[in-house]
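Here is how the chains run, residue by residue.
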Amino acid sequence: MMKRALGATGPQVSAIGLGCMGMSEFYGAAGESESIAVIHRALDHGAGFLDTADMYGKGANEELVGRAIAGRRDEVVLATKFGIVRGDDPRSRGIDGRPEYVRQACDDSLRRLGVDHIDLYYLHRRDPDVPIEDTVGAMSELVKAGKVGHLGLSEVSAGTLRRAAGVHPIAALQSEYSLFTRELEAEIIPAARELGVGIVAYSPISRGILSGALPATDALAEDDFRRNLPRLSAENAAHNQALVDEVRAIAGEAGCTPAQLSLAWLLAQGNDIVPIPGTKRLGYLEENLAAAHITLTTEQLAALASAVPAGAVWGQRYVDMSSIEQ
């Protein structure tokens, strides 16, 4: 697996990482043995940039990742996140960026992961009631203490990113970015490049939509959160499927799958962009990682730009966007 530098100050990571969230929640049931096999196969391929968070499965995902990397810690660039607080109601979400919570959350993650340091520690969402300078200041203390290697932010505006970088170098900004989700391109990516911040793209296949066909929501597991995605709703599905059909046609001409085309497109947007497609299946992992070896031609990139221009997709990416800075 080829490597990319994560920002001006961050670590070298695999050009395509592995999002581990779906191994514990949100996309239906998953078996632990297969999930661990997926992580091990990723490491075998040199794709050791693993992404988790303390809120995935209310800590269960960190524990799973910790079990998977035991004995192979030196092969991993380990990223986790804090800041979204889960309650007893699975639908409830809070955000906490207080300095005292930063310290507590980090210690809890270290314990669940079974490691003595986290390579990349993200603020999952900015707390609107706490100045970003205070949160990042507390995160920087974790770096000084040797508990964290590098700092990251997730889903913040260009202005917040600049303020945070004024306190401590930010290695990475993790936000949703794909052919179908392009909001970063106007202001946030230019700001990140100005500051030397790498872009970690989550949901780079748009939650499976760009794999080639929109999933039928009634065929999804009852606990699959995509049942409520606006882009899969009755009023948006036909329009978005037409876009997917265009992607599939270009992929056919390029000799790859639509998912691979989508990942290759992201990689072509700049050497500072690292997609982290999530999967809990070995077959999909192999397919995703192979995209690192696909180089799209100028003509193919132009065809994608024409077929799926920014803003072409109908529907928000989430039902409730209130906790995400724009």
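Structure: above.
Residues numbered from 1 in each chain as written. Predicted model: local features only at pLDDT ≥ 70, side-chain atom pairs only at ≥ 80, totals over all residues. Heavy atoms only, no water.

**Student:** Help me understand the overall build of the chain in this model?
**Tutor:** In terms of helices and strands, the chain carries 10 helices and 12 strands. Rg of the C-alpha trace for the chain: 19 Å, near the compact-globule value of 20 Å for 326 residues, within the 12% margin. Along the three orthogonal principal directions, the C-alpha set of the chain runs to about 50 × 40 × 40 Å. For the chain, buried positions account for 56% of its 326 residues. Of the contacts made within the chain by residues no fewer than 6 positions apart, 75% connect residues no fewer than 24 positions apart. A total of about 13,100 Å² of accessible surface is found on the chain, and carbon and sulfur atoms cover 51% of it. (Helix = DSSP H or I, 4+ residues; strand = E, 2+ residues; numbered from the N terminus. Rg over C-alpha atoms; globule rule 2.2 N^0.38 Å. Buried < 20%, exposed > 50% of the residue type's maximum accessible area, 1.4 Å probe, protein only. Contact = heavy atoms within 4.5 Å. Areas by Shrake-Rupley, 256 points an atom, 1.4 Å probe, with all protein chains shown as cover.)

**Student:** Can you walk me through the pairing of strand 5 (residues 77-82) in this structure?
**Tutor:** Sheet faces and side chains relate simply in a regular strand, where the side chains alternate between the two faces. With six of its six residues buried, strand 5 lies for the most part within the structure. The alternating pattern of strand 5 places Val-77, Ala-79 and Lys-81 and Leu-78, Thr-80 and Phe-82 on opposite faces, both of which are buried. In this sheet, strand 5 lies alongside strand 4 (residues 49-51) in parallel orientation, the contact comprising three bridges. Bridge pairing in strand 5 links Phe-49 to Val-77. Once you follow strand 4 into helix 2 (residues 60-69) and on to strand 5, the crossover reads as right-handed. Two elements, strand 5 and strand 8 (residues 118-123), share four bridges in a ladder whose sense is parallel. When the bridges of strand 8 are listed, Phe-82 appears paired with Leu-123. (Pairing = 2+ DSSP bridges. Right-handed = clockwise from strand over helix to strand, strands pointing away.)

**Student:** I'm lost on the packing of aromatic side chains in this one. Help?
**Tutor:** For any pair of aromatic rings, geometry is given as the distance between the ring centres together with the angle between the planes. For the structure shown, the criterion picks out two aromatic pairs. Seen in terms of ring centroids, Phe-82 and Tyr-121 are 4.9 Å apart; in terms of plane orientation they differ by 25°. Their pairing is stacked. Remark: Tyr-121 occurs in strand 8 and Phe-82 occurs in strand 5; sequence separation between them is 39 residues. Across the pair, exposure class does not vary: Phe-82 and Tyr-121 are buried alike. (Phe/Tyr/Trp six-rings, centres within 6.5 Å; stacked < 30°, edge-to-face > 60°.)

**Student:** Is there a simple way to think about the pairing of strand 11 (residues 198-202) in this case?
**Tutor:** Counting buried positions along strand 11 gives five out of five residues, so the element sits mostly inside the fold. Alternating positions in strand 11 separate into two faces, Gly-198, Val-200 and Tyr-202 on one and Ile-199 and Ala-201 on the other, with burial throughout. Summarising the sheet, strand 10 (residues 172-176) and strand 11 pair through five bridges and their orientation is parallel. In the strand pairing of strand 11, Leu-173 is matched with Ile-199. Between strand 10 and its parallel partner strand 11, the chain crosses via helix 6 (residues 188-195), and the hand of that crossover is right-handed. Examined bridge by bridge, strand 11 and strand 12 (residues 273-275) share three bridges and lie parallel to one another. The partner of Val-200 across the bridge, within strand 12, is Val-274.

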